[in-house]
Amino acid sequence: MGIHSNATSSSNGIPARSVYLDHAATTAVHPDVVAAMVPYFTASYGNPSSVHAWGRAAHQGMENARRQVAAVLRCRPREIVFTSGGTESDNLALKGAMWAYRRGLNPRKDPSVGPGHLIISAIEHHAILHSAEDLESHGFEVTVLPVDRFGVVNLEDVRAAIRPDTVLVSIMYANNEIGTIQPVKEIAEIAHEAGAYFHTDAVQAGAYLDLNADAIGADLLSLSAHKFYGPKGVGVLYMRHETAVLPQQHGGSQESRRRASTENVPGIVGLGAALSRVHANREAESEYVVGLRDRLIRGVQERIPGVHLMGHPEQRLHNNAAFCIEGLEAETLLLRLDMRGIGASSGAACASGSTEPSHVLRALGVSRELAEGSLRLTVGLENTPEDIDYTVEVLAGLVAELRAVEPAMQA
Ligand code: PLP
């Protein structure tokens, strides 16, 4: 499955393996995707709005990508809006839907009913959480739903939160830190019964889960190419036909007046090629990645005492192994792993010397002490079983070492 090999290298006679285990942060661009993009930098570099041959070639590449995305989402190409990434897609979905309601553009809801209500979960990405905060500052009202200890939203909580002026329910498909997959279809049904729209942030789900928009029940769905072996800085907002969304940036009439600015043609071509490729191979690649993930989880649990798996044991993303390790400080562990050639991440943010648990771990009810030892390992196509065994070996050694030098932290 290797897309770029993790060749074992030797420096100062010490063998060092390079193991990238941060695929939730970003992925390498697949060589086939790079090849698809190159002509749009070098030959077909026109502005897709131009009428001449260069413009027409760029336009054709972009429209081909739109069809590729539509084929995966099983929607109409004109329901696809290209953006600068997951963050912009999330902002456009939330702010666009709420402001459209306020301006009286939502055919299902009269703005005289209430200020406009949005439902999200406590473990959304900051692109959602901070957009919701911005909307609150403009008089919209937001309900933030709790999650259970596995990170799952309770359907009865969604139902109970609905109000006559609920415009939008936005719940992520799969979580970026702990990998928990939400019951999006059921949540969409509850939203629709109340005449509200359903948006899902599918940024982490892009490579692994079914993206059929109708089957999910999504009116709005966000994707980002760099999470599925495509380039950074390009994303998608799927907008179901006739969903009332007010454009959030003003300028030209690109993307059928829904998103102004000259389109990132090479990026869009790369996004289309990457999504198409990943879904053509989804079954085999998911199986491969799940094998690595489970080998990793098993290895860590067998070799290291005091380890807690975060997120749902079964309803979890194919590539995600998230842990909290007792008696450890994540930042130190990450640096030591890096020195051994392993790229990992943590769910804790280090701010001015104090380690703050992430909002996701807080929402799960993880104690501050345990959250300090949070470690997220996300596997991908270029990883091998040998990489996983090496990682488990190194991790077990480092944890024992760090616990020995910091016995106070084990109390
Ligand atoms: N939503 C989720 C769940 C994510 O994991 C990310 C990126 O990590 C984003 C949104 C933002 O995507 P982008 O980096 O393309 O802006």
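Since the structure is predicted, the reported quantities are computational estimates derived from the model, not experimental observations. (Residues numbered from 1 in each chain as written. Predicted model: local features only at pLDDT ≥ 70, side-chain atom pairs only at ≥ 80, totals over all residues. Heavy atoms only, no water.)

Here we come to the pattern of salt bridges. Following the criterion strictly, the structure yields 18 salt bridges and no others. The salt bridge partner of Glu 156 is Arg 159, with a shortest N-O separation of 3.6 Å. Of this pair, Glu 156 and Arg 159 both sit in helix H6 (residues 155-161), three residues apart, which is roughly one turn of the helix. Look at Glu 156 and you get partly exposed, because its relative accessible area is 48%. What makes Arg 159 partly exposed here is its relative accessible area of 39%. Close ionic contact of Asp 165 with Arg 163 constitutes a salt bridge, the shortest N to O distance being 2.9 Å. Relative accessible area serves as the criterion here: at 3%, Asp 165 is assigned to the buried category. Here the salt bridges share partners, and the residues they tie into one network are Glu 63, Arg 66 and Glu 255. (Salt bridge = Lys/Arg side-chain N within 4 Å of Asp/Glu carboxyl O. Helix = DSSP H or I, 4+ residues; strand = E, 2+ residues; numbered from the N terminus. Buried < 20%, exposed > 50% of the residue type's maximum accessible area, 1.4 Å probe, protein only.)

Looking now at the pairing of strand E7 (residues 166-170). Taken across its five residues, E7 has five buried, putting it largely inside the fold. Sheet topology note: the strand E5 (residues 117-121)/E7 ladder contains four bridges and is parallel. Within the sheet, the bridge partner assigned to Ile 120 lies in E7 and is Ser 170. Both E7 and strand E8 (residues 197-201) contribute to a ladder of three bridges, which runs parallel. By the bridge assignment, Leu 168 is partnered in E8 with Tyr 197. At this point the chain moves from E7, through helix H7 (residues 184-193), to the parallel E8, and the crossover so formed is right-handed. (Pairing = 2+ DSSP bridges. Right-handed = clockwise from strand over helix to strand, strands pointing away.)

For the rest of this paragraph, the subject is the packing of helix H4 (residues 86-102) against helix H5 (residues 126-136). The interhelical angle for the contact between H4 and H5, taken along N-to-C directions, is 30°, at an axis separation of 9 Å. Viewed along their axes, H4 and H5 adopt a mutual orientation that is roughly parallel. Viewed along their axes, H4 and H5 form a crossing whose handedness is right-handed. For the pair formed by H4 and H5, the contact residues are Thr 87, Asp 90, Asn 91, Leu 94, Lys 95, Met 98 and Trp 99 on the first element and Ala 127, Ile 128, Ser 131, Ala 132, Asp 134 and Leu 135 on the second. Of the residues belonging to the contact of H4 with H5, the class tally is seven nonpolar, three polar and three charged. (Axes fitted to C-alpha atoms, helices over the stretch in contact; angles between N-to-C directions. Parallel < 35°, antiparallel > 145°, perpendicular 65-115°, else oblique. Left-handed = near helix turned anticlockwise from the far one by under 90°. Contact = heavy atoms within 4.5 Å. Nonpolar A, V, L, I, M, F, W, Y, C, P; charged D, E, K, R; others polar.)

Quick look at the packing of aromatic side chains now. Across all of its chains, the model carries one aromatic pair by this definition. Relative to Phe 140, the ring of Trp 99 has its centre 5.1 Å away and its plane inclined at 85°; by these criteria the two rings are edge-to-face. Here Phe 140 lies in the loop between H5 and strand E6 (141-145) and Trp 99 lies in helix H4, a separation of 41 residues in the sequence. With respect to class, Trp 99 is no different from Phe 140; both count as buried. Across the ring face of Trp 99, the terminal group of Arg 102 is positioned such that the distance to the ring centre comes to 5.2 Å. (Phe/Tyr/Trp six-rings, centres within 6.5 Å; stacked < 30°, edge-to-face > 60°. Lys NZ or Arg CZ within 6 Å of the ring centre and 35° of its normal.)

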